[in-house]
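Residue-level structure breakdown
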Amino acid sequence: MIALSVDLGHARTGLAVSDKSGFLASPLCVITEYNDEKLIDKIAEKAEEVKAEILVVGLPKNMDGTEGESARRAREIAAKLSERTGLPHHMQDERGTTITAHNFLSDSNVYGKKRKQRVDAAAATIILQNYLDSQK
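Notes on the structure follow. (Residues numbered from 1 in each chain as written. Predicted model: local features only at pLDDT ≥ 70, side-chain atom pairs only at ≥ 80, totals over all residues. Heavy atoms only, no water.)

Let's shift gears to the nonpolar core. Counting 24 residues, the largest nonpolar core has L4, V6, L8, L15, I43 and L81 as the members making the most contacts within it. Residue assignment for this core shows that the elements contributing at least two residues are strand 1 (3-7), strand 2 (12-18), strand 3 (25-32), helix 1 (36-49), strand 4 (54-59) and helix 2 (69-85). If one sorts the elements of this core by residue count, helix 2 sits on top with 5 residues. Residues within four places of L15 in sequence aside, it is in contact with L4, S5, V6, P27, L28, C29, I31, I43, K46, A121 and A124. Within the second largest apolar cluster, 10 residues are counted, among which are A25, A124, I127 and L132. (Core = buried A, V, L, I, M, F, W, Y, C linked by side-chain atoms within 4.5 Å. Buried < 20%, exposed > 50% of the residue type's maximum accessible area, 1.4 Å probe, protein only. Helix = DSSP H or I, 4+ residues; strand = E, 2+ residues; numbered from the N terminus. Contact = heavy atoms within 4.5 Å.)

Structure, rendered in structure tokens:
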């Protein structure tokens, strides 16, 4: 089953996709969009392009497990994406994924402008891999 992962941001949203077997997540792209409705349209286009069968949306919980405004927005966008695409969605806890993505990029010697452009797709990849691993 091909899964598309979404790491929502205020300016940049990272996307990642799994292989057909649901074993490995790979970065797909970063979408720069401030308008949520346009963002939903762009993500839906990518979902159709990769023939996604499920959406995995990062849920930005606070470190104590509570949910704030960002989590509310993520849930709202996930619901609209499901409605728009007809695909089911799963909310995946994303605590610590951006830090892990930054560490991975540092280990890979990716800095500067390249790093800023790749960190969101890397975080989406981590979110998706965590989901895939939990399904085994």
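Continuing now.
Moving on to the pattern of salt bridges. Enumeration according to the criterion identifies 11 salt bridges in this entry. The salt bridge partner of E49 is K46, with a shortest N-O separation of 3.6 Å. Separated by 3 residues within a single helix, E49 and K46 lie in helix 1, roughly one turn from each other. Shared partners join several salt bridges into a network, and the residues in it are E37, E69, R72, E76 and K80. (Salt bridge = Lys/Arg side-chain N within 4 Å of Asp/Glu carboxyl O.)

So, about the pairing of strand 3. Where strand 2 lies against strand 3, 7 bridges are found, and the strand directions are antiparallel. Across the sheet, residue R12 finds its bridge partner in strand 3, namely T32. The turn linking strand 2 back onto strand 3 is made up of 6 residues, and G22 within it adopts a positive phi angle of 70°. (Pairing = 2+ DSSP bridges.)

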